[in-house]
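# Structure at a glance
Residue strings, one per chain:
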Amino acid sequence: MSSVTPQATAVSASENRPEAPAETNPFLIAQRQLDEAVDILELDNGTHQMLRWPMRELKFVFPVRMDDGRVEVFHGFRVHYNDARGPAKGGLRFHPHENIDTVRALAAWMTWKTAVVDIPLGGGKGGVNCNPKELSRGELERVSRGYMRRVADFIGPDIDVPAPDVYTDSQVMAWMLDEYETIRGRHVPGVITGKPLVLGGSAGRPEATGIGVVVSIREALKALQIDSTQTTASMQGFGNVGQSAAIHFVNDLGGKLICVSCWDHEDKTAYTFFKRDGIDPVYLRRITDSFGSIDKNKAVQAGYEVRDGEAWRSAEVDVLIPAALENMITGHTVHQISPRVKVLAEAANGPTTPEADKVLHERGIFVIPDFLCNAGGVTVSYFEQVQNAYNFYWPENEVHQRLDQGMTRAFRSVHEMAQNLNVYNRLAAYLVSVERVAKTMKLRGWV
Ligand code: NAD
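Residues numbered from 1 in each chain as written. Predicted model: local features only at pLDDT ≥ 70, side-chain atom pairs only at ≥ 80, totals over all residues. Heavy atoms only, no water.

The next point concerns the sheet that holds strand β2 (residues 71-82). In space, the five strands of this open sheet follow the order β1-β2-β4-β3-β5, with mixed pairing throughout. Bordering the open sheet on either side are β1 (56-65) and β5 (160-164), each of which pairs with just one other strand. When the angles between neighbouring strand axes are averaged without regard to direction, this sheet yields 20°. The pairing of strand β3 (residues 88-95) with β5 spans five bridges and is parallel. Note that in β5 the partner of Leu92 across the bridge is Pro164. (Pairing = 2+ DSSP bridges. Helix = DSSP H or I, 4+ residues; strand = E, 2+ residues; numbered from the N terminus. Axes fitted to C-alpha atoms, helices over the stretch in contact; angles between N-to-C directions.)

Not every one of the 27 residues close to the ligand is listed here, only the nearest: Thr209, Phe238, Asn240, Gly292 and Asn349. Between the ligand and the protein, one listed contact pairs an oxygen atom with a side-chain N or O atom of Asn349 at 2.8 Å. Within the complex, 92% of the 840 Å² of free accessible area of the ligand lies under protein. With three residues, the single largest contributor to the shell around the ligand is strand β7 (residues 256-264). A breakdown of the residues in the shell around the ligand according to their chemical character gives 14 nonpolar, nine polar and four charged. Shared between two domains, the shell around the ligand takes at least three residues from each, and those domains are domain 1 (30-199) and domain 2 (208-373). (Near = heavy atom within 4 Å. Polar contact = N/O pair within 3.5 Å; in protein donor to acceptor, adjacent residues only side chain to side chain. Areas by Shrake-Rupley, 256 points an atom, 1.4 Å probe, with all protein chains shown as cover. Nonpolar A, V, L, I, M, F, W, Y, C, P; charged D, E, K, R; others polar. Domains from an automatic or database assignment.)

This brings us to the pairing of strand β10 (residues 319-322). Residues Val319 and Ile321 point to one face of β10 and Leu320 and Pro322 to the other, with burial holding for every one of them. Direction of pairing for β10 relative to strand β11 (residues 343-345): parallel, over a ladder of two bridges. Along β11, the bridge assignment pairs Leu320 with Leu344. (Buried < 20%, exposed > 50% of the residue type's maximum accessible area, 1.4 Å probe, protein only.)

One pass over the structure, following the stated rule, counts one cavity of 30 Å³ or more. In this structure, the largest cavity encloses a volume near 40 Å³. Around the largest cavity, the lining residues are Phe366, Val367, Ile368, Pro369, Leu372, Phe411, Val414, His415 and Asn425. Those elements giving two or more residues to the lining of the largest cavity turn out to be β12 (366-368) and α14 (396-421). Broken down by class, the residue content of the lining of the largest cavity amounts to seven nonpolar, two polar and no charged. (1 Å grid on protein atoms, 1.4 Å probe; cavity = no way out; pocket = protein on both sides within 12 Å on 5 of 7 lines; lining within 4 Å. Points joined across faces, edges and corners; volume = space filled by probe spheres on them.)

On to the nonpolar core. For soluble globular proteins, the rule of thumb is that nonpolar side chains tend to be buried together. If you look at the biggest cluster of nonpolar residues, it comprises 88 residues, and the most contacted ones within it are Trp109, Trp112, Ile217, Met235, Ile294, Ile321 and Ile368. Looking at this core element by element, the count peaks at 11 residues for helix α4 (residues 100-116). Taken domain by domain, this core gets at least three of its residues from each of domain 1 (30-199) and domain 2 (208-373). Ignoring anything within four residues of it in the chain, the contact list for Ile368 reads Ser216, Ile217, Ala220, Val343, Leu344, Ala345, Glu346 and Cys373. Counting 26 residues, the second-largest nonpolar core is a separate cluster that includes Phe60, Leu92, Val128 and Cys130. (Core = buried A, V, L, I, M, F, W, Y, C linked by side-chain atoms within 4.5 Å. Contact = heavy atoms within 4.5 Å.)

We now examine the packing of aromatic side chains. What the rule picks out here adds up to 11 aromatic pairs. Judged by centre distance (6.2 Å) and plane angle (20°), the ring pair of Phe366 and Phe411 falls under stacked. Remark: Phe411 occurs in helix α14 and Phe366 occurs in strand β12; sequence separation between them is 45 residues. Residue class for Phe366 comes out buried when judged on its relative accessible area of 11%. Judged by its relative accessible area of 4%, Phe411 is buried. Through successive ring pairs, a cluster of aromatic residues spans Phe60, Phe62, Phe74 and Tyr147. Lying across the ring of Tyr304, Lys275 places its NZ or CZ 5.7 Å from the centre. (Phe/Tyr/Trp six-rings, centres within 6.5 Å; stacked < 30°, edge-to-face > 60°. Lys NZ or Arg CZ within 6 Å of the ring centre and 35° of its normal.)

Have a look at this one:
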């Protein structure tokens, strides 16, 4: 049994300068979730301590010349959480709230994510504290290149491989790849994934996370013996992941999406867009900008009802899909969820706090935990690295077929664990992943 109590968790993490209260500090949440699994697996204290802290962290500042001639200094992060199973792997966020605890939590969840889909990679994550919406294209490029100059010696195809995440895309990956290759003086396409196709990207990567979300919803509905064509869904966030999940939920599962919420950068608030007879996600994507903000006026003209940004959570639907950011379902807001909801598909990382998780569990809602639900992106990022290594590229249908197989296999291993041990899905997913990482550390002789 573990000797580390939840209280000790809070104290030791706060010595490392937490930037959010304990209830919503993503890193403390990630540690609490891990502690529960470690207790059940009865891992020794050395293994436990190795699993609850990042192996390496890089925190830095870098200067960027802005269009008006000023120099602005940006704060950047890159964390290698655990690389026992292979090179660290995880996305890069450009976000005004980015901080070390968020990056640590996301890097921890990447470790469990690559383990749950059983690909030979570890977990990492990075980011820059900035608001890309307020940067010109030239400034965004200089931020991307400045970040890469700082992390170039910390990453590499066999060390740590970044990818897109919130407010970063294939263009940002292209600038970063170019900067890295300029520093190294040779081509190294496997250093970053989520690249444009012509720079060694994989067919099917942009939509992979959303497709994986929908495969896991399909499997959950099957397990619950619910006909997907009779289901309705509500989603928060309409960016890379949300758009793809919406399209595939409607097209592949025949479900009806009735509302979507997103952040409005002009009004600095969130809105929810309702269409009771079913949203056409392809049309909605057409009136959405590159930051995932839906054009309110066009939506109203097209017959959408616009409500406040919280309304997605209380919608009377069968499937709830948070696809935005952390802490969107807390102990305070979980009670807003309609009794009709049967499945919570965590497309976003860390959308549910432990307090809310407890209530969802008591209510019998089938939670597809984040690091299982959104593992489709890293699965295809791994395929991208494999294709880069061979310099031989697969057709999209092959990528999607392998993605479906990988997600289905991962879902079933978690579901089986949940049923065999009679534990809830998040804990089952932790048990599957943590056991795999712990076993590898033991084989390496670390613990
Ligand atoms: P994105 O930047 O493309 O989209 C984010 C969306 O969230 C936008 O529509 C934005 O308007 C919305 N949003 C932000 N704050 C909101 C709020 N308060 N209320 C409502 N909507 C809000 O980001 P993404 O790549 O789609 O990532 C979304 C989530 O999925 C994140 O948690 C990310 O870590 C996770 N994820 C992404 C990938 C990937 O491949 N991109 C892979 C795995 C997990």
